[in-house]
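# Structural features, examined
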2 protein chains.
Amino acid sequence: MQTNNVTIHDIAAALKIDSSTVSRALNNSPRVTQKTKQRIWAKAQEMGYQRNVLASNLRKNKTNTIGVIIPRISRFFFSSAIEGIEETAFENGYNVIMCQSLEKLERETNLVQTLVANRVDGIILSISMETLDYEHMELARKNGIPTVFFDRHCDIPGNNNVLLNDYQGSFDATDHLVSQGCRNIAHLAGPRDLKLYQNRFNGYKEALEKNGLPFQPDLVIDSNLMEEDGANAAQKILETLPQVDGIFSANDVAAVGAMQFLKGKNIKIPDEIAIVGFSNGPTSSVIDPALTTVDQSGKKMGRLATELLIKQINAKPIPLAPETIILEPTLIQRDSTQKKPTIHPNT
Amino acid sequence: MQTNNVTIHDIAAALKIDSSTVSRALNNSPRVTQKTKQRIWAKAQEMGYQRNVLASNLRKNKTNTIGVIIPRISRFFFSSAIEGIEETAFENGYNVIMCQSLEKLERETNLVQTLVANRVDGIILSISMETLDYEHMELARKNGIPTVFFDRHCDIPGNNNVLLNDYQGSFDATDHLVSQGCRNIAHLAGPRDLKLYQNRFNGYKEALEKNGLPFQPDLVIDSNLMEEDGANAAQKILETLPQVDGIFSANDVAAVGAMQFLKGKNIKIPDEIAIVGFSNGPTSSVIDPALTTVDQSGKKMGRLATELLIKQINAKPIPLAPETIILEPTLIQRDSTQKKPTIHPNT
DNA sequence: CTGTTAGCGCTTTCAG
DNA sequence: CTGAAAGCGCTAACAG
């Protein structure tokens, strides 16, 4: 039940050399002869030595750890993003410490403090729905900790971002609905404070214009886009907006809520009302095939964000110019006539 | 761009007192007078002091961090589990460092080493499909790091476990199919090496017996239960097992794969073939309502596992007797006649 | 209640 | 190429 306590000093003593040489050998420094390295490695193995990462970190003032803050892990988009982050970090020898803001700014602020206090080497962040500015990120900036925002972001210049082209995706989605014959397309919109939802709204609006359809403000239903909100919106549509023949939802959660409600009322999807939702790719495989989705590809965004962050970390102390990477979304359309569903790898 | 370097010595110097007093005050020790505490806190605030967690950790040989190893984050069951873990850890002042084994034993072994090297206070683990023993966990045991296994486990005594009653869940699921009139129930089975899948298989088999139905070995289809496997199994059933009128899948991923394949062939679910799959609760809200599921409630398991782990951590150095917590699963049955789908909170 | 002292285990000058 | 020595920032005896 004892902690395994063999230190570099123990192995130095056993070999009658100095601990600094041991340290160098274990770090594979070129300034130690191959022969002594071999002896040291062998001894270390034999004695079951394990580097005390804490001490090493303290001395180097570096933790080899990336901090990640996202609103909620169990949302598929974010868990895929984390999957990408974790894999990329792992490949590059970084650990990941992961936290959820649960959409609360206060929690997010605390988490940034914790991460800074834990001396993470960098932070990847997807801001909460309550976050309207980057004031709480000052702390990270002051401590020289590089940060990459992904998916959700405020529109302040000078930051690293990995984003989806929300405008284009929404434009395409709406355009798709029009091409399917929809003429009165409702929009389930998210909080307009978030740039992301603003962009999705704009894409919707301009696709209507481009197709010569009038923008009807009463067809825009605002909410936080939870499943319940989607169901409520669907109910509202059935009861008060009979002309609606298509729905563009700013996320998949609300889209599913709406779809299930409508199906419960025996409305045929997409024949009577067509639905398109923004969504993370693989999710769609468990979503009804009747639902067309705009692929958010969280895993790819996670990978890109991590690569960018590591680039910035390695650039220290001379910081690189901030970068913004914009991914183009793809429309994924499936239906029950398809022979085989899109397969995703056990996710 | 400079690291913020105010230490307890700086604030001690500014106040012309000793750094140890500062340390005590900042840890709110009762052995410092309220008045000096106040002065110290004020000064700390003023100078923008931030405790160096690394140094503190090194000194205390404790990191206030829990390590989590799961097969794959983006699987909904695991991301919900992590959600529960993270929330419980956060409430108790712990950080979470999270890693994926990607179902590889080698990776899992490496990760345990990394976590031990990082001096995590405890480990929560759901073993990979390749893991057949706990040999690689010796390292954690030797270093006195408590461990809790959840969901997937080997059947070796003396460990902390948080499990689902897989046997009962499978029994109930199969029983349910029989009560719906199914007489030839196929079973999509997972790797029999994993206790979990063995139990699910046993529940299936004994439910058949109890209902006076013969166990037909050729109706058991083995695979790794990916979506593709489910689709393949469904194809096999259509082509070579026409008598099948019900499917019990050992997980939801394969169940969805099978269901979507069958729907593509215009088979009515559940009228022509009924399907029940083991699944994490909230997932079911995005799964077709025709699919009945056995609720795995990942978040609850995550919470329980973390609570148990923290209990064990706090019990050090005298370890508590290992505990096994077994959750009873519930059958969740929905259908399109239901007025409203099960709502889940934006997950 | 506060100060003194001695490290936690490692890395990194600086000498030789 | 290796050794000696100092110290990262904090905590925890032990005195007083």
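Residues numbered from 1 in each chain as written. Chains lettered and ligands numbered in written order. Predicted model: local features only at pLDDT ≥ 70, side-chain atom pairs only at ≥ 80, totals over all residues. Heavy atoms only, no water.

This part covers helix 8 (residues 166-179) of chain B. The end-to-end C-alpha distance of helix 8 of chain B, which contains 14 residues, comes to 20 Å, matching closely the 20 Å that a straight helix rising 1.5 Å per residue would cover. Of the residues trailing helix 8 of chain B, G181(B) is marked for its positive phi of about 100 degrees. (Helix = DSSP H or I, 4+ residues; strand = E, 2+ residues; numbered from the N terminus. Expected span 1.5 Å × (residues − 1).)

Right, let's talk about the domain arrangement of chain A for a bit. Assigned domains within chain A: domain 1 (8-51), domain 2 (65-164 + 298-326) and domain 3 (166-295). Its C-alpha centre places domain 1 of chain A at a distance of 63 Å from the equivalent point of domain 3 of chain A. (Domains from an automatic or database assignment.)

Turning our eyes to something else, we now look at the side chain of T88(A). All names here are of chain A. Within the fold, T88 resides in helix 5 (residues 76-91). A residue is classified by how much of its surface remains accessible, and T88, at 1% relative accessible area, is buried. Sequence-distant contacts of T88, that is, excluding residues within four places in its chain, are made with R303, T306, E307 and I310. (Buried < 20%, exposed > 50% of the residue type's maximum accessible area, 1.4 Å probe, protein only. Contact = heavy atoms within 4.5 Å.)

The next point concerns the packing of helix 5 (residues 76-91) of chain B against helix 12 (residues 298-315) of chain B. All names here are of chain B. Where helix 5 meets helix 12, the closest approach of the two axes is 7 Å, and the angle between their N-to-C directions is 40 degrees. Considering the angle they form, helix 5 stands oblique to helix 12. Note on packing geometry: the crossing formed by helix 5 with helix 12 is right-handed. Across the interface between the two elements, F77, S80, A81, E83, G84, I85, E87, T88, A89 and E91 from helix 5 touch G298, K299, M301, G302, R303, T306, E307 and I310 from helix 12. Tallied by class, the residues present in the contact of helix 5 with helix 12 amount to six nonpolar, six polar and six charged. (Axes fitted to C-alpha atoms, helices over the stretch in contact; angles between N-to-C directions. Parallel < 35°, antiparallel > 145°, perpendicular 65-115°, else oblique. Left-handed = near helix turned anticlockwise from the far one by under 90°. Nonpolar A, V, L, I, M, F, W, Y, C, P; charged D, E, K, R; others polar.)

This paragraph deals with the protein's contact with DNA strand C. The immediate surroundings of DNA strand C are formed by 26 residues, with Y49(A), R59(A), D18(B), S20(B) and R59(B) found nearest. Take the atoms of DNA strand C that sit within 4 Å of the protein: sugar and phosphate atoms are 59% of them. Between DNA strand C and N52(A), the relevant distance is 3.2 Å, taken from a phosphate oxygen to a main-chain nitrogen or oxygen of the residue. Elements represented by at least two residues in the surface near DNA strand C include exactly helix 1 (8-15), helix 2 (19-26) and helix 4 (53-60) of chain A together with helix 2 (19-26) and helix 4 (53-60) of chain B. Looking at side-chain class alone, the surface near DNA strand C contains six nonpolar, twelve polar and eight charged residues. (Near = heavy atom within 4 Å. Polar contact = N/O pair within 3.5 Å; in protein donor to acceptor, adjacent residues only side chain to side chain.)

A few words on the protein's contact with DNA strand D. Neighbouring DNA strand D are 25 residues, the closest being T21(A), I8(B), S23(B), Y49(B) and R59(B). When the atoms of DNA strand D within 4 Å of the protein are grouped by moiety, sugar and phosphate amount to 62% of the total. A distance of 3.2 Å separates a phosphate oxygen of DNA strand D from a polar side-chain atom of T36(A). One of the side-chain nitrogen or oxygen atoms of Y49(B) is found 2.4 Å away from a phosphate oxygen of DNA strand D. Where the surface near DNA strand D is concerned, the elements lending two or more residues are helix 2 and helix 4 of chain A together with helix 1 (8-15), helix 2 and helix 4 of chain B. Of the residues that constitute the surface near DNA strand D, the class distribution is six nonpolar, twelve polar and seven charged.

Time to look at the pairing of strand 2 (residues 95-100) of chain A. Residues and elements named next belong to chain A. Taking burial as the measure, the six residues of strand 2 include six buried ones, the bulk of the element. Side chains N95, I97 and C99 project from strand 2 onto one buried face, and the interleaved V96, M98 and Q100 project onto a second face that is buried too. As paired elements, strand 1 (residues 65-70) and strand 2 share six bridges and run parallel to each other. The residue bridging I70 from the neighbouring strand is Q100, located in strand 2. (Pairing = 2+ DSSP bridges.)

What follows deals with the packing of helix 10 (residues 227-240) of chain A against helix 11 (residues 252-264) of chain A. Residues and elements named next belong to chain A. At a minimum axis separation of 6 Å, helix 10 and helix 11 run at an interaxial angle of 45 degrees. Our classification of the angle between helix 10 and helix 11 gives oblique. In this structure, helix 10 meets helix 11 at a crossing whose hand is right-handed. For the pair formed by helix 10 and helix 11, the contact residues are E227, G230, A231, A234, Q235 and L238 on the first element and V253, A254, G257, A258, Q260, F261 and L262 on the second. Looking at the contact of helix 10 with helix 11 residue by residue, the classes come out as eight nonpolar, four polar and one charged.

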